[in-house]
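Understanding the architecture of this molecule
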Amino acid sequence: MRNYIKHYINGEWVESTGSETEEVINPATEEVIGKISLGTKEDLDKAVKAARDAFPSFSQTTKEERVEMLENIAEEYENRKDEIIETITDELGSPLEISENIHFMMGYNHFSQAAESLKEFSFIEEHGGHTRMKESIGVSGLITPWNFPTNQTSTKIASAFAAGSPVVLKPAELTPFAAVILTEIFDKVGVPKGVFNLVNGSGSVIGDGISSHPDIDFVSFTGSGATGEKIMKNASETIKKVALELGGKSPLVVLDDADVKDAAKAAVTHIATNSGQVCSAATRTLIPSSMKQEFEEEMKKALDEFPVGDPREGNYIGPLVSKKQWDTVQSYIEKGIEEGATMIAGGTGKPDGLDKGYYTKPTIFTDVDNQMVIAQEEIFGPVMTVITYDSIEEALELANETIYGLAGYVYGKDPETLRKVASGIRAGRVKVNDAEADFSSPFGGFKQSGIGREWGDYGIEEYLEVKTILGYPS
Ligand code: NDP
């Protein structure tokens, strides 16, 4: 049982000023695996004060000192590998292999990438005889969701540390334990006191408190659009800068010269990985009408390669994170049926033999009209919508006919068409075929997918203010 009922403030684990706690559930077993303290506004005030007090000295540390700190964090993070994997599997229900290859690795990559990006980063530039300086923005409030407990936290923390900004982190109540391990790592490597503060608690108290706190200069949030909107409204009262990484309904455009089997498998991988709880997942697959029958057959076949079940038994798809998320996904599957889409795999209810745990069936809808609710709203579960097109122009129109713009994907062979589609998709990150992941490249959304960029040098920029000095002697 993991009972973490303390917050980490000013370099120490401290009792909460409140008495409320929240149980954490393993979504694969529906059993309680521990609890956290629900922090109060008073706890938050203490954490913000600690960060504020740390700001003058931390913001003046040298680049070399911060590179060393980030490298030490990456090294200690690696030392905690087994615990990180186990913890994410327990709290998120993520299959062990995904916990290792995706969750653990993403956290590691953000800390080591931030160290690399920082080495190359220039905080002072000469321009037209004058000087531009980049200075730490001040105290940052970080609010993170449950779907990537180490990725979302680590990218924000690593960039903030690189920029010399002390932070207060509020992780999601559903998956709070990975952040406890991160905190222990920072403590072990000697992150100066007050530079990192962890306050657990609800979004409505601690999250809301962060976005409206007069002593917080910047809020970086990842989560739903509805919460992003509240955060922006709150932040506007103290003219606080916000970065928002919100949802998506990303298109995967399959070109007519694509290998159908590979593209169909890629589409299924998108909804299977992390049980489809991925903001940048492709959830609308756009295929040429002529490919429809073959593509549908290949998708159904590909599903066999992604078994659903116990995350500790070698399955690729674990449960959804919570009963609430399970209910949401069920209602979208019902909606798809009601809207008249053709369901070629999956459906409502739990997969056979999986009565315990928040498991859902990977579901594929074809004959989808892009105006249907299932094609427009973020479902955040293993549900794919397949839409046909008859020309590249139509494919691009459909790809962009969404309020979102987080990511896009294109599969095919002809370089000119790949280029045309990749540059025509209005999104912050477009992947061509099976291009490798790159942690130095910016990540973030166009349109209602958000504001700002994370990862690498663009991530660091978010935590900086630009100062112009005229007449500064060189
Ligand atoms: P939320 O946006 O509510 O949660 C994300 C984080 O925000 C959590 O830490 C949450 O705290 C916190 N939060 C909640 N309310 C407030 C508030 N008023 N002020 C500040 N912070 C707040 O997402 P949900 O967990 O409710 O998921 C709903 C949907 O959001 C999903 O189905 C999915 O579509 C989308 N989503 C998108 C993500 C992405 O990566 N872009 C990630 C997660 C969800 P707590 O939960 O602890 O109360």
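This text goes with the structure placed above it.
Read on for a plain summary of the structure. Position numbers for residues start from 1 in each chain and track the written sequence from start to end. In keeping with the model being predicted, local features are shown solely for residues with a pLDDT of at least 70 and side-chain atom pairs are shown and tallied solely at 80 or more, while totals for entire chains, interfaces and linings include all residues. Hydrogens are left out, water is left out, and the side-chain values use all remaining heavy atoms of the structure.

**A few points about the overall build of the protein**
Rule in force here: Secondary structure counts use DSSP, requiring at least four H or I residues in a row for a helix and at least two E residues in a row for a strand, with both numbered from the N terminus. For every residue, the accessible area (1.4 Å probe, protein chains only) is compared with the maximum for its type, and the residue is labelled buried under 20%, exposed over 50%, or partly exposed between those bounds. Working rule for contacts: check all heavy atoms of both residues, and any pair within 4.5 Å makes them a contact.
For the protein, the count of helices and strands is 15 helices and 23 strands. Per-residue burial over the protein gives 56% buried out of 474 residues. In the protein, the proportion of contacts linking residues at least 24 apart, taken out of those at least 6 apart, comes to 74%.

**Looking at the pattern of salt bridges**
Definition in use: We define a salt bridge as a contact between a side-chain nitrogen of Lys or Arg and a carboxyl oxygen of Asp or Glu at a distance within 4 Å.
If you walk through the whole model with that rule in mind, you get 29 salt bridges. For Glu86, the salt bridge goes to Arg312, with nearest N and O atoms at 2.7 Å. With Glu86 in helix α3 (residues 81-92) and Arg312 in the loop between α10 (292-303) and α11 (323-339), this residue pair connects regions lying 226 residues apart in the sequence. In this structure Arg312 comes out as partly exposed when scored by relative accessible area, which is 36%. Between Lys119 and Glu116 there is a salt bridge; the shortest N-O distance is 2.9 Å. Placement of both Lys119 and Glu116 in helix α4 (residues 96-120) is noted, with a separation of 3 residues, approximately one turn of the helix.

**Digging into the pairing of strand β5 (residues 31-37)**
The condition is simple: Only strands joined by at least two bridges in the DSSP assignment are considered to pair.
As defined by bridge partners, strand β1 (residues 2-4) adjoins β5 across 3 bridges and the pair is classed as parallel. Looking at the pairing, Tyr4 lines up with Ile36 of β5. The pairing of strand β4 (residues 21-26) with β5 spans 6 bridges and is antiparallel. In the sheet register, Val24 faces β5, and the bridge partner there is Gly34. Between β4 and β5, which pair antiparallel one after the other, the connecting turn spans 4 residues, and Glu30 there sits at a positive phi close to 65 degrees.

**Digging into the sheet that holds strand β6 (residues 124-127)**
Backbone hydrogen bonds hold the strands of a sheet together, and the pairing may be parallel or antiparallel. So the rule is basically this: Only the stretch in contact is used when a helix axis is fitted, and all axes are lines through C-alpha atoms; the angle between N-to-C directions ranges over 0 to 180 degrees.
A sheet is described by the order of its strands in space; here 3 strands give the open sequence β6-β7-β23, paired in antiparallel fashion. Every other strand in the sheet has two partners, leaving β6 and β23 (464-469) as the edge strands with one partner each. Each strand of the sheet is rotated relative to its neighbour by a mean of 25 degrees, with strand direction disregarded.

**Here we look at the site of the ligand**
Going by this rule: The rule for a residue being near a molecule or strand is that one of its heavy atoms must lie within 4 Å of it. Polar contacts here mean pairs of N or O atoms no more than 3.5 Å apart (in protein, one a potential hydrogen donor and the other a potential acceptor; neighbouring residues in sequence count only if both atoms are side-chain atoms). Residue polarity is assigned by list, with Asp, Glu, Lys and Arg as charged and Ala, Val, Leu, Ile, Met, Phe, Trp, Tyr, Cys and Pro as nonpolar; anything else, Gly included, falls into the polar class.
Around the ligand, 29 residues are found, and the nearest of them are Thr144, Trp146, Glu173, Ser224 and Glu378. One of the side-chain nitrogen or oxygen atoms of Ser224 is found 2.7 Å away from an oxygen atom of the ligand. For the shell around the ligand, the class distribution of residues is 9 nonpolar, 13 polar and 7 charged.

**A word on the sheet that holds strand β17 (residues 383-389)**
Overall, mixed pairing links the 7 strands, which are arranged β15-β16-β17-β14-β13-β19-β20 in an open sheet. Two strands in the sheet have a free side with no partner beyond their single neighbour: β15 (342-345) and β20 (429-432). Each strand of the sheet is rotated relative to its neighbour by a mean of 25 degrees, with strand direction disregarded. Contacts between helix α14 (residues 415-424) and the sheet are confined to β13 (250-254), β19 (407-411) and β20, with β19 contributing the most and set at about 170 degrees to the helix.

**Considering a negative patch on the surface**
Going by this rule: The residues that make up patches have over 30% relative accessible area and no salt bridge, and they are joined within 9 Å when like-charged or within 5 Å when they are Val, Leu, Ile, Met, Phe, Trp or Tyr. Using a 1.4 Å probe, accessible areas were evaluated by the Shrake-Rupley method; residue-level cover was limited to the displayed protein chains. Counted as positive: Lys and Arg. Counted as negative: Asp and Glu. His and the chain ends are not counted at all. Note on charges: their place is set at NZ of Lys, CZ of Arg, CG of Asp or CD of Glu.
A cluster of like negative charges, contributed by Asp369, Asp390, Glu394, Glu397 and Glu401, occupies part of the molecular surface. Looking at the element boundaries, Asp390 is found in the loop between β17 and α13 (392-400).

**Observations concerning the nonpolar core**
Inclusion rule: Throughout, nonpolar core names a set of buried Ala, Val, Leu, Ile, Met, Phe, Trp, Tyr and Cys residues whose side chains join them through atoms within 4.5 Å.
Membership of the largest hydrophobic core comes to 59 residues, with the highest contact counts inside it found for Leu70, Phe111, Ile157, Phe161, Phe186 and Phe196. Mapped by element, the contributors of at least two residues to this core are α1 (41-58), α2 (63-79), α3, α4, α5 (151-163), β9 (167-170), α6 (177-189) and β10 (196-198). Looking at this core, the element that brings in the most residues is α6, giving 7 residues. Those residues in contact with Ile157 that lie beyond four places of it in its chain are Phe111, Leu142, Leu169, Leu182, Phe186 and Phe196. Membership of the second largest hydrophobic core comes to 30 residues, among which are Ile374, Ile392, Ala395 and Ala399.

**Let's talk about the side chain of Ser16**
Looking at the secondary structure, you find Ser16 in the loop between β3 (12-15) and β4. Ser16 sits in the buried class, given a relative accessible area of 13%. A polar contact of 3.2 Å, which involves the side chain of Ser16, links it to the backbone nitrogen of Gly18. Polar side-chain contacts of Ser16 include one of 2.9 Å to the side chain of Asp43. Every residue in contact with Ser16, bar those within four places of it in the chain, is listed here: Ile5, His7, Ser37, Leu38, Gly39 and Asp43.

**Observations regarding the packing of helix α7 (residues 203-212) against helix α8 (residues 225-236)**
Here is the rule we go by: In this scheme, roughly parallel covers angles under 35 degrees and roughly antiparallel covers those over 145, while 65 to 115 is roughly perpendicular and the rest are oblique.
In contact at an axis separation of 7 Å, α7 and α8 are set at 40 degrees when each is read in the N-to-C sense. Comparing their axes, α8 and α7 come out oblique. Within the contact between the two elements, α7 uses Asp208, Ser211 and Ser212 and α8 uses Ile231, Asn234 and Ala235.

**Comments concerning unusual backbone geometry**
One non-glycine residue, Asn274, adopts positive backbone phi at about 60 degrees. Accessibility expressed as a relative area gives 4% for Asn274, which makes it buried. Phi is positive for Phe380, close to 60 degrees, though the residue is something other than glycine. Within the secondary structure layout, Phe380 lies in the loop between α12 (373-376) and β17.

**Side note on α8**
Our working definition: Residue count minus one, scaled by 1.5 Å, sets the expected span of a helix. Taken from the helix axis, the directions to the C-beta atoms give the arc we talk about.
Compared with an ideal rise of 1.5 Å per residue, which puts 12 residues at 16 Å, α8 spans 16 Å between its outermost C-alpha atoms and is within 8% of the ideal. Taken together, the buried positions of α8 are occupied by Gly228, Ile231, Asn234 and Ala235. Down the axis of α8, the buried set is contained in an arc of 125 degrees. They therefore lie on one face. Along α8, the residues that are exposed and aim more than 90 degrees away from the buried face are Ala226, Lys230 and Lys233. Check the buried side of α8 and you find it contacts β8 (140-143), α7, β11 (218-222) and β12 (241-245).

**Remarks on the packing of aromatic side chains**
Any pair of aromatic rings gets described here by the distance separating the centres and the angle formed by the planes. The cut-off we apply is this: Pairing of aromatic side chains requires ring centres within 6.5 Å, counting the rings of Phe and Tyr and the six-membered ring of Trp. Pairs whose planes differ by under 30 degrees are stacked, by over 60 edge-to-face, and all others tilted. Whether a charge sits over a ring depends on NZ of Lys or CZ of Arg being within 6 Å of the ring centre and within 35 degrees of the ring normal.
This model, assessed by the stated rule, comprises 15 aromatic pairs. A centroid spacing of 5.3 Å and a plane angle of 65 degrees characterise the contact between Tyr8 and Trp13, whose relative ring orientation is edge-to-face. Residue class for Tyr8 comes out buried when judged on its relative accessible area of 4%. The exposure class of Trp13 is partly exposed, given its relative accessible area of 30%. With a centroid separation of 4.9 Å and an interplanar angle of 10 degrees, the aromatic rings of Phe443 and Trp455 are classed as stacked. With Phe443 in the loop between β20 and β21 (446-447) and Trp455 in the loop between β22 (450-451) and α15 (456-462), the pair connects residues that are 12 residues apart, well separated along the chain. Since its relative accessible area comes to 8%, Phe443 is described here as buried. Above the plane of the ring of Phe218 lies Lys241, whose end atom (NZ or CZ) is 5.1 Å from the centre. A cation over an aromatic ring shows up here: Lys350 above the ring of Trp326, its NZ or CZ 5.8 Å from the ring centre.

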